[in-house]
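Chain residues, written in single-letter form:
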Amino acid sequence: MQTNDMLTIGGHEFTSRFILGSGKYSLNLIEAAVKYAGAQIITLAVRRANTKEQENILDYIPKGVTLLPNTSGARNADEAVRIARLARELGCGDFVKIEIMRDSKYLLPDNAQTVRATEILANEGFIVMPYMYPDLNTARDLVNAGAAAVMPLASPIGSNKGLATREFIQILIDEIDLPIIVDAGIGRPSQACEAMEMGAAAIMANTALATAGDLPMMAAAFRQSIEAGRLAYRSGLGRVLSRGASASDPLTGFLHD
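Below: a short report on this structure. (Residues numbered from 1 in each chain as written. Predicted model: local features only at pLDDT ≥ 70, side-chain atom pairs only at ≥ 80, totals over all residues. Heavy atoms only, no water.)

1. Brief notes about the overall build of the protein
Counting its secondary structure elements, the protein contains eight helices and ten strands. Taken across its 257 residues, the protein has 48% of its residues classed as buried. For the protein, the share of sequence-separated contacts (at least 6 apart) that also reach a separation of at least 24 residues comes to 64%. (Helix = DSSP H or I, 4+ residues; strand = E, 2+ residues; numbered from the N terminus. Buried < 20%, exposed > 50% of the residue type's maximum accessible area, 1.4 Å probe, protein only. Contact = heavy atoms within 4.5 Å.)

2. Structural notes on unusual backbone geometry
Positive phi is not limited to glycine here, since Leu 107 has a value of about 55°. Following the sequence through the fold, Leu 107 ends up in the loop between β6 (95-98) and α3 (111-123). The exposure class of Leu 107 is partly exposed, given its relative accessible area of 31%. The backbone of Asn 160 sits at a positive phi, close to 60°, despite the residue not being glycine. You can see Asn 160 is positioned in the loop between β8 (151-152) and α5 (166-175). The partly exposed category is assigned to Asn 160, whose relative accessible area is 28%.

3. Considering the packing of helix α4 (residues 136-145) against α5
It is at 10 Å that the axes of α4 and α5 come closest, and there the two elements cross at 40°. The pairing of α4 with α5 is recorded here as oblique in orientation. As α4 runs across α5, the sense of the crossing is right-handed. Contacts between α4 and α5 pair Leu 136, Ala 139 and Arg 140 from the former with Ile 171, Leu 172 and Glu 175 from the latter. Of the residues assigned to the contact of α4 with α5, the class counts are four nonpolar, no polar and two charged. (Axes fitted to C-alpha atoms, helices over the stretch in contact; angles between N-to-C directions. Parallel < 35°, antiparallel > 145°, perpendicular 65-115°, else oblique. Left-handed = near helix turned anticlockwise from the far one by under 90°. Nonpolar A, V, L, I, M, F, W, Y, C, P; charged D, E, K, R; others polar.)

4. Section: the nonpolar core
If you look at the biggest cluster of nonpolar residues, it comprises 44 residues, and the most contacted ones within it are Phe 18, Val 182 and Leu 209. For Phe 18, the contacting residues outside a window of four places in its chain are Ala 37, Ala 39, Gln 40, Ile 41, Ile 203, Ala 205, Leu 209, Phe 222 and Ile 226. Listed in part, the 16 residues of the second largest apolar core include Ile 19, Phe 95, Ala 201 and Met 204. (Core = buried A, V, L, I, M, F, W, Y, C linked by side-chain atoms within 4.5 Å.)

5. Looking at the side chain of Thr 118
Note that Thr 118 resides in helix α3. Residues in contact with Thr 118, not counting those within four places in the same chain, are Ile 98, Val 128, Pro 130, Leu 142, Ala 145, Gly 146 and Ala 147.

6. Thoughts on the packing of aromatic side chains
Under the criterion given, the structure shown has two aromatic pairs. Note on Phe 14 and Phe 95: the rings are 6.3 Å apart at their centroids and 75° apart in plane angle, and the pair reads as edge-to-face. Of this pair, Phe 14 sits in strand β2 (residues 12-14) while Phe 95 sits in strand β6, and the two are 81 residues apart along the sequence. Accessibility assignment for this pair places Phe 14 and Phe 95 in one class, buried. Ring centres of Phe 18 and Phe 222 lie 5.9 Å apart, and the angle between their planes is 20°; on these two criteria the pair is classed as stacked. With Phe 18 in strand β3 (residues 18-20) and Phe 222 in helix α8 (residues 215-235), the pair connects residues that are 204 residues apart, well separated along the chain. Per residue, the accessibility class of Phe 18 equals that of Phe 222, and both read buried. Residue placement shows Arg 88 over the ring face of Phe 126; its charged tip is 3.7 Å from the ring centre. A cation over a ring is seen here: Lys 97 above Tyr 131, with NZ or CZ 5.1 Å from the ring centre. (Phe/Tyr/Trp six-rings, centres within 6.5 Å; stacked < 30°, edge-to-face > 60°. Lys NZ or Arg CZ within 6 Å of the ring centre and 35° of its normal.)

7. Some remarks on the side chain of Lys 97
Relative to the assigned elements, Lys 97 resides in strand β6. In terms of polar contacts, Lys 97 uses its side chain to reach the side chain of Glu 99, at 3.0 Å. Residue contacts for Lys 97: discarding those within four places in its chain leaves Leu 68, Pro 69, Asn 70, Thr 71, Met 129, Tyr 131, Met 151, Asp 183 and Met 204. (Polar contact = N/O pair within 3.5 Å; in protein donor to acceptor, adjacent residues only side chain to side chain.)

Below is the structure:
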């Protein structure tokens, strides 16, 4: 079995294919979540970097973890660009996850504004990872705009409903030559495993861990399911018959033969 199966984003290599969202966590659980999930990338909402006098989320993220600031709260490309620039000035690095939402009920991403923000920030040297509704034409536009990865939603943010957009995500995996990172709505380790079996490059999860009864245990479950799904994909999944059955052993050598 090969051991050099690295996730590469914007020229940076990672051994973990689990990206951890830090929203919804109490700060003292973030370090445990990173530890048990094996995550090497963790998102950071810039507006949460220092909202309390006595606590700073940056103090709870383990050393060596790559920060992925997101533009959560942005309603258009201009706001997203402003947040990304602020994050870099604060020392969060060049990675940025673009989130642009005008809709406050369903929290669906604005694909057109996301493409615009991606192009602006990619031209400024950011490693842009845009969150988007899975649409092939938009994904192609994001590639042309300079995205380092594409992050389609599986189902609405925080819903834990799983792969509601499965068929559309599969199209992106088949057609887009960038890492496809399934984001939003993955609620169970089994769903993460299925997405990885489809050929997704990585999984991002937040609510599934934050709302679990035992967060560290759920983090470990996600880690193992993502690793299993990746191995299954790389091994080449077995065929699926459209009809009938196929015996595992030859139907010969019976006593009456």
